[in-house]
Amino acid sequence: MSSVLKVTNLTKDFGGLRAVDNISFDVGKGEFVGLIGPNGCGKTTTFNCISGLLDATKGDVEIFNRNSNNLTPDKVQKLGLTRTFQHTRLWRDMTSIENLLIPPRNQFGTNPFTGFASFFIPDEERLRVRKAYQTLDELEIRHMAHNLTSELSGGQSKLVDIGRALMGDPLLLLLDEPVAGVAGPLAEKIFNNLRKIVDDKGISILVIEHNMDFILRHGVDRIVVMDQGRVLMQGSPDEVKDSKEVIEAYLGGAK
Amino acid sequence: MQNYSGNTVKAIRESWNNLSLGIKFAWFLLVDSFFALRLQDFLIFNYKGYPLSWLIHGDSLWLIQFFQFTISGFYLLHICISNLDAKKQSVAIALSPLAILSILSIAFDSLFIGKGLTIEMSFDTNSTMLTACYWAAQYLTLAIGLTLIYKVQRFGNFAQAEIMLVGAYIGVTMMWSPYFSLMMGGDRVPYSSVPKDGELTWDLLFWACVLAFLLTGLLGVILDRLVYRRFRQKNAIPQIMMISSLGISMILRGILYLRYRAVNHRFVTDPDWVDLREAKFEISSRLWRLNFGERLDSDGTVLAFYNTVEDEYYLQYTKAAMIVGIFSIALLLWVVLNVTKLGRKMRAVADNPDLAASSGINVERVHAQTAFIAAGISGTCGVLLSLFVRVNPNLGLSILLPSFAVIVLGTLGSVRGAIIASLIVGFIRTVSESVLIDVGPELGRSSYSAFGEAMPYLFLVGALMTMPKGIGNAIANWEIERARSSKGTIFSPMNIFLFLLLVFCLWSASWFGFILWGIIIFWLYLFNHITVSSSFSIPDFKNIPQTPYIGSIFRNFTSYQKGMVFAAAALQIVVVSFLDLRTSGVGLAYLLVDYVFFFLNIIGLIVMYSSIASYLPEIRKIYEPAKSLNSEQKVQLLVSGFLLTLVSFGVDYLVAGSGTIYLVIDLMFLLLEVSGILLVVFTLFFSRMELIGLLIGLDRKLKEITEIQMWSTMVGCVVLTAFVFFLDEATSGSGMIYYLVDLFYLFVILSAVLLVLVITKSRAEVSHRINLVLATIGILLIYCESAIDPQSRAYVTESAFVMILFSFNVVSRFVFGNLSNLRDTINKNLFYRDSTAKITEYFNLYRLLFGIILYQYVPFSLIQNIGIFFILFSFNPLADNASKGLEYIQRIFWEAILPPSKAAYGRSSERGSWFLFVVFFFILCSIAWNLPSSTSQTQYIQITRIIVLLCVFSILAFSLNLHTGLTGMTNFGVILFAGLGAITVGILTVPEDKPGGHGWSILSATIFAMLLSAAAGWFLAYPTARLRMDYFAIVTISLGEMLRITMRAEPLLRAGTTSKSAIGVTLYPQPFKEWWENTFDNSVGEYLDLRNAEGILQVAPYTVFLSVLAIFLCLAVWFVLGLMINSPWGRILRAIREDEEVTMHHGHSVFYQKATSLALGAAIAALGGALWAWLKMSILDDFLSPVFSTFLIWAAFIVGGKGNNKAMIIGAFIIVLNDFVFNLMVLGRNNVTNEFHTMVTFVDELFAWLILDVMSIFMSDLSITIVFGNNVENVLPELAYVKVSLIGLVIVLSLLFSEKGLLPEVPKRPEESSDFRIDIYWLFWTLALLSCLVGLWMVYKIGLMVGIILAIILLALVVAISHLGQRKIVQEGDN
């Protein structure tokens, strides 16, 4: 199995603080990987380094065998990666459906001239709109399509965020706590849906999740556990469940 | 170790090959422009016959060469700095002004040599320093208040300028008031006409400052409560608050104009001050002359690069008072922010309001306090400013814009940064003004001194490239870096000492001082590296930068060889310099020789430096044994160092004479002295551990003492210091013995040092009992008061004593505690509480009070009715029900006209928006049509002018909407692009036989102007795309100002008039004018039935045609732009507006999209500017003033509704109509039959009542007669300023009550459609046909080639687009 994301010796310092300390892991094609760890262990910083928001202090990130160091986020997205943010950041003064229409790749009309011309070729846009409505259907929020996203509830925002990420047809999807604040059954459904996407379309997903029990129950292929900026261990859910170190890291404060 | 010597050339070549293309190109441009400047006849790249010579020739040629040189130089400098690592970068940035200066001087020198000119630039040291301080003070007047507001409330407050002016006018009004001198015990006359008595008094100044502080502070609080607090409660973004402050500033400026007219007034605190010839300091100074260009005197003797002579400088008292006052206010604010509890609260609120609120800080109160202090400081600074600068209501804006640039430069919200930045900008402005005054006339540009005004902006744009967050941020970062490497702050005693030494050296132009300074810096640098990298143990010299290649060779030499090389290099420099001096002359040969010498000198310097650097191991050998000395030996070493210096200095002093032999002896002594000083420095450094030990011992002692001991030590120290001072005073005299006694006292004053130590040790203890800030102010007041104001009756002493009294916290706590107890008791009273709660539940007291005041005290029935309205609506249930009813009616209305699913969206649905647009447009049209006019001819002229202006404003508002409403970049530089378009079109279309004209056709000139403007917009994205919204706003407004100043100064931007002094483009060929006058004007005149006052039929004026053209252009822009922003592109822009980062993460380049948006908007604005210019027929520099354009367009944008192009038309219509209504009101003032007559009469009477009956309660008669004259009939408002106020009011109100504007943005809600037919292709083919027709028409109009090319391009575009679209649809279908 070829790896779609390969992180090698990644290190990130903020001034004197070492947020991520020499971590290495990879995500294979069609793999559903969970990244877990206690608060402040550097999960989101790792995401930021991968997606090009932050420049790593040291180390390499390879996405589809292309080195993505020093690439800006939009260039990284062009490689086939899409990510979400922990705190849902939607475009707030736009409707949900509009939010979903921005990420699709290779849109026609993304500069003034082609934009002008795209008026005369409306079918492209119609296909896009149809796909967006289908995505909303899958997430069961079609009724919110015409609302501004600033009017949505927290859970609905999360759903629009996931829908927006899927609209970009990513080959590698980085989700930062996608179901935090989403009601139980729906969260289950989302995870099952993700699993289905991985299996059907063969894309890879790396997901940050806080709730360890939750992620253990939902059929991820592999789990990477981080603690204090380092990778504590990697392995299948069963291995992680039985690992002493992981339990210590999670319950360390209780001792 | 590898020997590099053989590979040096190869290595250099390799590193050259490794450079990026951009850098190579920059080097190429640099070298090319250098030779081009230097040898004006023989040019390599831009020689006179190069391809663009038909466009660039004459004066613009050397201008471009000059800019090519400086810009490529700056670019290389920028690359150099950004490639260094963090530590070296901060040093490099600190030194970059030197590099910039040298780039500029090389450019000047080369230019003048090329032109064969000799230029002498002269700088008076004291004059330069003090003028720099003066400019800095002027910038600081506003910058302090702006910074404070920015720090806490996080928005740029435009109204600060007008608040400052209010302060200034408070001072002026007090000066006119007869009561003040009565209060001071004199006669009842205005203070300015008190007879001269030869003594300067400061009473009026003092009390004017106090009163201005209080009153403007109050004004600030009121504005904060009325406006800004509401925005804070709504969590409005800073942009909204910034624009509302713009509205407030317009209101205030209008009011100030109405009250004080546009006349200059100066604040004279005492008639004795007026006589400026006597009231001034005389300072001896030095004049530096720099010689550029051909440095040859007329009789063939060589002139040096510089020479100095003695000079005198006069500083007026008023100017000095202004400088000292403003700077001390700034410093005081800095202290307050950093020391006091209030300052801590402010910083907490600035950092995180929510967190501050949760930790028990009353955030709203802190905001109010901030508003008070910021406004109060600005008011006080206004008083101080008006001491020297004549104030008029226009002054505010002219200081505001540079002040904005200064605070951005110094990092928004950093007081320290603002002070430093203002000093830097002041200095640069002073220097550049004197340079431009010397240089300008020689280059045929005597108006160039105007560029001094542009310096803040120029510097801002430059500095933001290197320090994107300003100076204050750079310093803060540097300090953090240093703190991290535990080197303390940069304000260490050593650094301050070094800085003072440098200032002294500059002041006295002493070379010895410079050398000493360099030596100290060198040693400090050495020590720093030793101490940091090895923590006092083993010195490590690795961090000393070495010259590559050479350094490594040197390292292999023996110390003897090194010494020889060093000596040889020094000798080489001396000999070469000597030769250089001897052989200087003129001509190419000399030039070459000069370069050879220069080269040799540089090599000598490098060799010298490298040999010193490679000496370091030897220095380590000295250092190691010296470190192990015991303390006694160290002291001996120290003393011997002192002695060596002293003795050699003494002997030197004794043997001073002249002649070569003395010179040699002098040099020897110098060497001895330097070695003595070095010895002293060295040993001090070695024995620092002992010194620290001493201090630590003292510290430990101080920690152990009890409280009683502490206080007694303090008192003892105070008494001892005072006693010593007393003794010193008593025994002062002259003679050697006195000096000794003095020296003794100096040692005794150590007790003062001890006092300070004790206080710092037990600071919490002291500050618990005494408020040090108040105490210091009080003591300073007492001290200064006796020094400056012997005859004062101004109660300065009394207030100082009150301050000292209140500085004892026991007293203040007692007083304020009792007061608050009283308040609490009242509040706790049940009856009182219940009744107030009931009343406030039913009544809004402020509204009630306001209504009663209006009803009771205003003798106008209209306003009384408004008062009744307020009184009614102060009854809360009524107001609530009324607003509910209004909402209900709205809902019913929308449900009636919209489909049920859309009814909830109301105005922000597609159909609702169109409906309202039509309604508003119809109403405004009918108003425009019914505006009174005497004849049908004038009516048509009026309407066509309205139409053209409406189209101009709409087009400019479209551009603003694209930049700000859609892309989210707060663009305050609309007029920049519009002006660019107007000026370019003007210069290009003016016939060639007129001065400055190029004779292009109008169409090609307009297209060129749009392209030029678009290019400018695109390049603007490079420095600004990453800037925050407020930085962008200030950069754009600064660029607009720069264009305005350039237009005033640069002769190339003038066209149309023969007179050389005329500014601007004074002749505009209008499109199709001749064609119109030859064909249609008669018949259209007949058709429209245009008749003049005598009833004779007139031809239709050209504006009729222009209005048709304008409508066509406006509709075309609206249509094309509409299609563009409804496409995916527009959607991406809106996404960028909402969140740049996320948009980037979804695959859209923010830089590229911002650049396209800027370019397109700029092109549109250029078209609008050109259209405006065709209407105005001439463009002067005030066309570019933001007051007449940018701010009005912003008003249209805000009133209409951002993000909606339909709203832009409505907003523009309102603004344009407002303008015309006021123009007509002016006409109606004396014309009884005019429809506006009653309205004008009403306004006039109201104004007269306000001035004569209301304001005279607290303002003197003189303040009215001096402005309006003695005749009561003349108390009339200037309606133009009523208009300004009204526009400001409209901006504020629409932001407060309908933030989204009349027609809000319509969010896109695309429906899912099931059919995929290619059904609009007929439109596409129509377009293709149309483009062919356009091409043909162009062939007919502007020539075969251009037309055919354009047609082909258009066709190719359409075909390519259709092809692409087809392919994509096929692809999508496959998926």
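Residues numbered from 1 in each chain as written. Chains lettered and ligands numbered in written order. Predicted model: local features only at pLDDT ≥ 70, side-chain atom pairs only at ≥ 80, totals over all residues. Heavy atoms only, no water.

Next up on the list: a nonpolar patch on the surface. Residue and element names in this part refer to chain B. Among the surface-exposed residues, I839, Y842, F843, L845, Y855, I868, L872, F875 and L878 lie close enough to one another that they form a single nonpolar patch of about 760 Å² accessible area. With respect to the helices and strands, the residue I868 is situated in helix α37 (residues 861-873). Classification of I868 as partly exposed rests on a relative accessible area of 35%. (Patch = residues over 30% accessible without salt bridge, like charges linked within 9 Å, V, L, I, M, F, W, Y side chains within 5 Å. Areas by Shrake-Rupley, 256 points an atom, 1.4 Å probe, with all protein chains shown as cover. Salt bridge = Lys/Arg side-chain N within 4 Å of Asp/Glu carboxyl O. Helix = DSSP H or I, 4+ residues; strand = E, 2+ residues; numbered from the N terminus. Buried < 20%, exposed > 50% of the residue type's maximum accessible area, 1.4 Å probe, protein only.)

We now examine the packing of aromatic side chains. Residue and element names in this part refer to chain B. Inspection of the entire model under this criterion finds 46 aromatic pairs over all chains. Ring geometry for F869 and F873: centres 4.7 Å apart, planes at 40°, overall tilted. With a gap of four residues between them, F869 and F873 both fall in helix α37, about one helical turn apart. By relative accessible area, which is 24% here, F873 ends up partly exposed. By the ring-pair criterion, three or more aromatic residues cluster together here, those being F158, F404, F972, F1191, W1194 and F1197. Here the guanidinium or amino end of K1206 rests over the ring plane of W914, the centre of that ring lying 4.6 Å away. (Phe/Tyr/Trp six-rings, centres within 6.5 Å; stacked < 30°, edge-to-face > 60°. Lys NZ or Arg CZ within 6 Å of the ring centre and 35° of its normal.)

It is worth spelling out the packing of helix α46 (residues 1102-1125) of chain B against helix α49 (residues 1150-1176) of chain B at this point. All names here are of chain B. The interhelical angle for the contact between α46 and α49, taken along N-to-C directions, is 170°, at an axis separation of 11 Å. By the angle between their axes, α46 is roughly antiparallel relative to α49. On α49, the residues touching T1103, L1106, L1109, A1110, L1113, V1117, L1121 and M1124 of α46 are L1160, I1164, L1167, L1171, W1174 and L1175. Per-class residue counts for the contact of α46 with α49 are 13 nonpolar, one polar and no charged. (Axes fitted to C-alpha atoms, helices over the stretch in contact; angles between N-to-C directions. Parallel < 35°, antiparallel > 145°, perpendicular 65-115°, else oblique. Contact = heavy atoms within 4.5 Å. Nonpolar A, V, L, I, M, F, W, Y, C, P; charged D, E, K, R; others polar.)

This brings us to the packing of helix α41 (residues 974-989) of chain B against α49 of chain B. Packed helix pairs are characterised by how far apart their axes lie and by the angle those axes make with each other. Residues and elements named next belong to chain B. Packing of α41 against α49 brings their axes to within 7 Å, and their N-to-C directions diverge by 55°. Looking at the two axes, α41 sits oblique to α49. In the crossing of α41 with α49, the sense of the turn from one axis to the other is right-handed. Taken together, the residues of α49 that come into contact with α41 (itself represented by V974, F977, A978, G981, A982 and V985) are A1162, A1165, A1166, G1169, A1170, A1173 and W1174. (Left-handed = near helix turned anticlockwise from the far one by under 90°.)

Next up on the list: the environment of L232 of chain A. Residues and elements named next belong to chain A. One can find L232 in strand β10 (residues 230-235). Overall, the relative accessible area of 28% leaves L232 in the partly exposed class. Along the primary structure L232 and L53 are separated by 179 residues, whereas in three dimensions their C-alpha atoms are 24 Å apart. In this structure L232 touches V225, M226, D227, E245, V246 and A249, once residues within four positions along its chain are discounted.

Next up on the list: the interface of chain B and chain A. Across the contact, 52 residues belong to chain B and 51 residues belong to chain A. Summing both sides of the interface, chain B and chain A together bury roughly 5,100 Å²; the carbon and sulfur share of this comes to 65%. At the boundary of chain B with chain A, the tally comes to five salt bridges. Taking the shortest distance from any N to any O, the salt bridge between E1141 of chain B and R89 of chain A comes out at 2.9 Å. For the pair chain B and chain A, the number of links is 21 residue pairs in polar contact (both at pLDDT 80 or more). Secondary-structure elements contributing two or more residues to the side of chain B that touches chain A are α46, α47 (1128-1138), α48 (1140-1145), α49, α55 (1321-1342) and α56 (1344-1374) of chain B. (Buried area = accessible area lost by both parts, 1.4 Å probe. Polar contact = N/O pair within 3.5 Å; in protein donor to acceptor, adjacent residues only side chain to side chain.)

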